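Architecture and fold: a report
One letter stands for each residue in the lines below.
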Protein chains: 2
Amino acid sequence: MKVCKFGGTSVASAQQIKKVAAIVRADPSRRIVVVSAPGKRFEDDVKVTDLLINLSHAALRGENVEEQFNKVIDRYDNIANGLGLGCEIQDIIKLDLYNRLASDKENPRIFLDQLQASGEDNLAKLVAAYFNTVGLHAEYVSPKEAGLLVNDLPQRAQALPEAYNRLSTLKDKDTITVFPGFFGYTEEGVLRTFERGGSDITGSILAAAVKAELYENFTDVDCVFVANPRIIDSPVEIDKMTYREMRELSYAGFSVLHDEALMPAFKESVPVCIKNTNNPLAPGTMIVAERESSFRPVTGISADSGFSTLFVSKYLMNREIGFGRKLLQILEDEEISYEHTPSGIDNLSVILRSHQLTPDKEARIVDRVKTELQADEVNFRSNFSMVVIVGEGMRNSTGLAARATTAISRTGANIEMINQGSSEVSLVFGVLKQDETKILKELYKEFFSPVLVV
Amino acid sequence: MKVCKFGGTSVASAQQIKKVAAIVRADPSRRIVVVSAPGKRFEDDVKVTDLLINLSHAALRGENVEEQFNKVIDRYDNIANGLGLGCEIQDIIKLDLYNRLASDKENPRIFLDQLQASGEDNLAKLVAAYFNTVGLHAEYVSPKEAGLLVNDLPQRAQALPEAYNRLSTLKDKDTITVFPGFFGYTEEGVLRTFERGGSDITGSILAAAVKAELYENFTDVDCVFVANPRIIDSPVEIDKMTYREMRELSYAGFSVLHDEALMPAFKESVPVCIKNTNNPLAPGTMIVAERESSFRPVTGISADSGFSTLFVSKYLMNREIGFGRKLLQILEDEEISYEHTPSGIDNLSVILRSHQLTPDKEARIVDRVKTELQADEVNFRSNFSMVVIVGEGMRNSTGLAARATTAISRTGANIEMINQGSSEVSLVFGVLKQDETKILKELYKEFFSPVLVV
């Protein structure tokens, strides 16, 4: 059996949901359908999840929320009407949202999770109702009754190990299961949401739980491209990649799947396919444990900006046991995570995402490193980008670093950092943000230009 | 004034010490002479320091030490006779060594330090005596009376800040000071040695204390070469380099100066000159704070083997604040220092010197990383070499990484690790030990081949 997850744009309107039904009908092995909340129908549209966030904050502030309540309800009414559904489902959704709004606000985070989760939950009810009107024998299943147990972290819950066993019984249902993405319940029965974009995670958990033959993740793109199509014109499509390649690419903005979504599928070796609801016959991109090697050593190139560097130098630093550990402890005290730590003989840099920094935090860190570690020099620099080259074929390709650095040098840009050596499938360059685009273009040309057949 | 330090081979025999006297006589500004213990006179000779180590360990074991005692005394007698000195100095040395051997053995480390330091101490007395016989008005000065105060770390003592002030009065002496390298005294008057090779450190401390115009470090090579002359045939000589370049090169086996020896000179901006006792007219290699740029972006290439890698992977590691810090803490608990930590998205490697590892330590570390950090995969790999390219000119040389990686790829070797981005003057490659020599040769060819003038 297959588990299919449909993203926000795939369920944004009646027209889109008709496509979903057609896709499910086309393959009888598609037995579990996970849905997001309705997303954008057009460029300036507002996602239902954002409407719900606005609504819940207004409610917490004690404001009159009628207008914002109606904005949400209108989206569902619009879809229900477009699908020719009766008033019954509209009343169910309206009452559900009303009840959630009226619920206890003493713990604002629980209240927020309750409201936000209604986006997926009510859409799942609506889709199940619609499926039945078009001859697909379907049933809405609540994460609570199905046993999607999660831990207690508000807005970033994680599934508990016992969830998988309980969810596995979904494979025995003789109806098509329609399941809301994005949330589960604690053992005490409290609703907790995953991180934003977490419907991907729900789909992956269900796929792992029922040991699906395939987890299909339907989005609005035909496939994953080898580079960002907003920067590279008509980039090469990736037909197949490994879980590891997908992970390394997600480092810097390959935002096709939520970070946490690969793990459950990976652990049970369920292949993942990225497909397009609007073009379901396109083969999509398969993400698998192993793949045959291709003639290209590189699978993808991604880039992301917004990095800063903390530089620390101290004479004979390399002989001081504990120096690096103490430095990372200072960052940890400020709740800062880091990406890389290149080092010279007497110096060490920590590369981290700039959004974690504030002038206050920077000053505190510089001060502590100077006084506690007695460093000779400490400073922050910002406006870096990371460019990542990923490919299973890189391990055995002597000269790949040479090709990459030569391509970058052709742009005239300086390489501020090179990190290679832990992952066998990636090579990371730190560059100035201003050079990111030209470097990405040149690397694309180097590794993906059409091969001339003579 | 200049401070001159003469290394082990420069004082290994009477003939060599005559060269030392000639060097000191040739330049009246050479007012402070620091000496090592007598080193090797020929390939299979044994250094006096090693004779002393054997002697002291035998004494601690309570063995009859007559033969080993005589081996040490023979070296001094041999030198004294060759220099035509009377018996007086020989008796002083013999009595001194006898007294040290008879001293308290309750604290073996203090006993060891006492014995080892006699190598330099007695040679300084001998050289001072000899200088006076050839018309150089010289005086042996003891580190104790001169105030070379050190902290309490046995065999790796470090000078205390107040030592500099006290030693500064040496500049007012109207005799040539002959000073033993390698040791100082704690504030309680206990003798403590520096690390092995620490006479370099003594020279640098004195040069800084008297604010010398130059610290001359006399060895048995004409200069520092851009690459190891045992691997590269007649490598290019370095005429001038910066302190930073010297530090980065010392990372992997440019063993011209002790690691700790540059710091005191650097802090007082005393230039250092590496010269050859056997060819004192050769200009040597100057080590300075800043240098004019050369046409070559690379100043030197060094390589060292004996590195291992600890590889750790864990899904979503990069989102776990504290992961790297906890890993380094486990290494610290085993008293292991590390060199580099390249990282992928879900993995991290720690590169460290293999001599710190034992099968027991490796097993404990792997076990702790697996259980405490819940890593998915943990393993050690060994037999790596680090190849380091160093040069102040690297900062502004776009394409240098491209030239280096292209040169390496010409050898067919794989690059296991690249580290660049903290030090602006170095680029480090991790390679398999078996590939080290051919890579070094190819990099030398790339960066130091004669420039063809057409």
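What you see is a predicted model; the values in this text were computed from it and never measured.

Quick word on the UniProt feature "binding site: ATP" (unreviewed entry) in chain A
Residue and element names in this part refer to chain A. Summarizing the sequence annotation, UniProt attributes the feature "binding site: ATP" (unreviewed entry) to Lys5, Phe6, Gly7, Gly8, Thr219, Asp220 and Arg230 in the numbering used throughout. Look at the named residues: they lie 226 residues apart in sequence, and the longest C-alpha span between them is 24.9 Å, so in the fold they stay spread out. Once residues within four sequence positions are removed from consideration, glycine 7 is found in contact with Ser36 and Phe218. Tracing the backbone through its elements, the reader meets arginine 230 in the loop between strand E8 (224-225) and strand E9 (237-238).

Some details on the interface of chain A and chain B
At the junction of the two partners, chain A supplies 60 residues and chain B supplies 60 residues. Between chain A and chain B, the buried area comes to about 5,100 Å², and carbon and sulfur atoms account for 49% of it. The interface formed by chain A and chain B includes 4 salt bridges. The residue aspartate 346 of chain B makes a salt bridge to arginine 247 of chain A at a minimum N-O spacing of 2.7 Å. Where chain A packs against chain B, one counts 26 residue pairs in polar contact (both at pLDDT 80 or more). Within the residue set of the side of chain A that touches chain B, elements represented by two or more residues are helix H9 (243-250), helix H10 (262-267), helix H11 (323-333), strand E14 (347-353), helix H13 (400-410) and strand E16 (417-420) of chain A. Taken together, the residues of the side of chain A that touches chain B sort by class into 21 nonpolar, 25 polar and 14 charged. Of the pairings in the sheet, the one linking E16 of chain A to strand E16 (residues 417-420) of chain B comprises 3 bridges and is antiparallel in character. The partner of asparagine 419 of chain A across the bridge, within E16 of chain B, is asparagine 419 of chain B.

A word on the relation of the copies chain A and chain B
Superposition of chain A onto chain B requires a rotation of 179° combined with a translation of 0.1 Å along the rotation axis, giving an RMSD of 0.3 Å. With respect to symmetry, the two chain copies, as superposed, fit the operation of a two-fold axis. Taken together, the interface assignments show that 100% of the residues at the interface of chain A recur at the interface of chain B, consistent with an identical surface on both copies.

Here we look at the sheet that holds strand E17 (residues 426-432) of chain A
Spatially, the 10 strands line up as an open sheet ordered E14(A)-E13(A)-E15(A)-E17(A)-E16(A)-E16(B)-E17(B)-E15(B)-E13(B)-E14(B), and their pairing is antiparallel. The sheet is open, and its two edges are formed by E14 of chain A together with strand E14 (347-353) of chain B, each paired on a single side. The sheet shows a mean angle of 30° between the axes of neighbouring strands, taken without regard to direction. Of the pairings in the sheet, the one linking strand E13 (residues 300-313) of chain B to strand E15 (residues 377-390) of chain B comprises 12 bridges and is antiparallel in character. Looking at the pairing, alanine 303 of chain B lines up with valine 387 of chain B of E15 of chain B. Contacting strand E13 (300-313), strand E15 (377-390) and E17 of chain A, helix H14 (residues 436-448) of chain A crosses the sheet at an angle of about 130° to E13 of chain A. Here helix H13 (residues 400-410) of chain B sits on the sheet and contacts E16 of chain A together with E15, E16 and strand E17 (426-432) of chain B; the angle it forms with E17 of chain B, its principal contact strand, is near 20°.

Examining the environment of alanine 227 of chain B
Residues and elements named next belong to chain B. Take alanine 227: it is sitting in the loop between strand E8 (224-225) and strand E9 (237-238). As a C-alpha pair, alanine 227 and glycine 300 span 73 residues in sequence and 6.0 Å in three-dimensional space. Discounting chain neighbours no more than four positions away, the residues touching alanine 227 are Ile232, Pro235, Phe254, Ile301 and Tyr444.

Conventions adopted
- In every chain, residue numbers begin from 1 and rise along the written sequence.
- As they are written, the chains are lettered A onward and the ligands numbered 1 onward, keeping that order.
- Local features in a predicted model are, by the rule used here, given only for residues with pLDDT of at least 70; side-chain atom pairs are given and counted only at 80 or more, and totals for whole chains, interfaces and linings are based on all residues.
- Heavy atoms throughout the structure, all of them, feed into the side-chain values; hydrogens and water do not.
- UniProt positions are given in the numbering used here, feature names are shortened, and annotations may be inferred rather than shown by experiment.
- Should any heavy atoms of two residues lie within 4.5 Å, those residues are considered in contact.
- To qualify as a helix, a DSSP run of H or I must reach at least 4 residues; to qualify as a strand, a run of E must reach at least 2; elements of each kind are numbered from the N terminus.
- A 1.4 Å probe defines the accessible area here, and the buried area is the portion of it lost by two parts on being joined, summed over both.
- What makes a salt bridge here is a side-chain nitrogen of Lys or Arg within 4 Å of a carboxyl oxygen of Asp or Glu, nothing more.
- Any pair of nitrogen or oxygen atoms within 3.5 Å is treated as a polar contact; in protein, a donor-acceptor pairing is required on top of that, and neighbouring residues in sequence qualify only through side-chain atoms on both sides.
- Each residue is assigned to one of three groups, with Ala, Val, Leu, Ile, Met, Phe, Trp, Tyr, Cys and Pro labelled nonpolar, Asp, Glu, Lys and Arg labelled charged, and all others, Gly among them, labelled polar.
- A strand pair is defined by DSSP finding two or more bridges across the two strands.
- Least-squares fitting of one copy onto the other uses the C-alpha atoms of those residues that reach a pLDDT of at least 70 in both copies.
- Lines fitted to C-alpha atoms define the axes here, with helix axes fitted over just the stretch in contact, and angles between the N-to-C directions of these axes take values from 0 to 180 degrees.

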